[in-house]
Amino acid sequence: MTISMGIRALVIAGVSATAAAAYAHAHLDRASPAAGATLAVAPTEVTLHFTQRLEPKFSTIVVRDAGGKQVDKGDSRLSGEDLTVLKVSLQPLGSGSYKVEWRVISVDTHATKGEYTFRVGK
Ligand SMILES: [Cu+2]
């Protein structure tokens, strides 16, 4: 192997390792209600789609109103057969701003979390 071939092999190995790491955690892929959405009709549940399968025991969604009061029903659960979809049911929501806080552990045992807000009403 020439020196230049060796360097090229190292560069390719480095790129592959970075790409693998990017896929190795559960990131939020899409959400319903969507981040920043304003809904005329109150949603009855929040559904989050992740980029990786989740560990059900350690993956939760909490939804809070503007005052910090929890307004979900505490029934976070995985949905569907691919184990990448997490849901929680909501209590009846009035007009206002709501925050979705999610915290998950993916099947590779890595933890990720995030939050976003949506609005009901005007
Ligand atoms: Cu990971």
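This text follows the structure it describes.
Counting restarts for each chain, with residues numbered from 1 along the sequence as it is written. Residue-level local features of this predicted model are given only where pLDDT is at least 70; pairs of side-chain atoms are given and counted only at 80 or more, and the full residue set underlies all totals for whole chains, interfaces and linings. Derived side-chain values reflect all non-hydrogen atoms in the structure, with water molecules and hydrogen atoms excluded from consideration.

Caption draft 1: Geometry of the pairing of strand S6 (residues 85-89). Among the five residues in S6, five count as buried, and that is most of the element. Relative accessibility under 20% of the residue-type maximum defines a buried residue, over 50% an exposed one, and the middle range a partly exposed one, all with a 1.4 Å probe and only protein chains included. For the purposes of this entry, the term helix denotes a DSSP run of H or I that reaches at least four residues, the term strand denotes a run of E that reaches at least two, and both are numbered from the N terminus. Burial along S6 is two-sided: the face carrying Val85, Lys87 and Ser89 and the face carrying Leu86 and Val88 are both buried. Two strands pair under a simple rule: DSSP has to find at least two bridges between them. With five bridges joining them, strand S3 (residues 45-50) and S6 adopt antiparallel strand pairing. By the bridge assignment for S6, Leu48 is matched with Leu86. Note that strand S5 (residues 77-79) and S6 share three bridges and pair antiparallel. If you follow Leu78 over to S6, its bridge partner there is Leu86.

Caption draft 2: The environment of Gly74, seen in detail. As for its placement among the helices and strands, Gly74 is situated in the loop between strand S4 (60-65) and S5. Residues Gly74 and Gln91 lie 17 residues apart in sequence; the distance between their C-alpha atoms is 9.8 Å.

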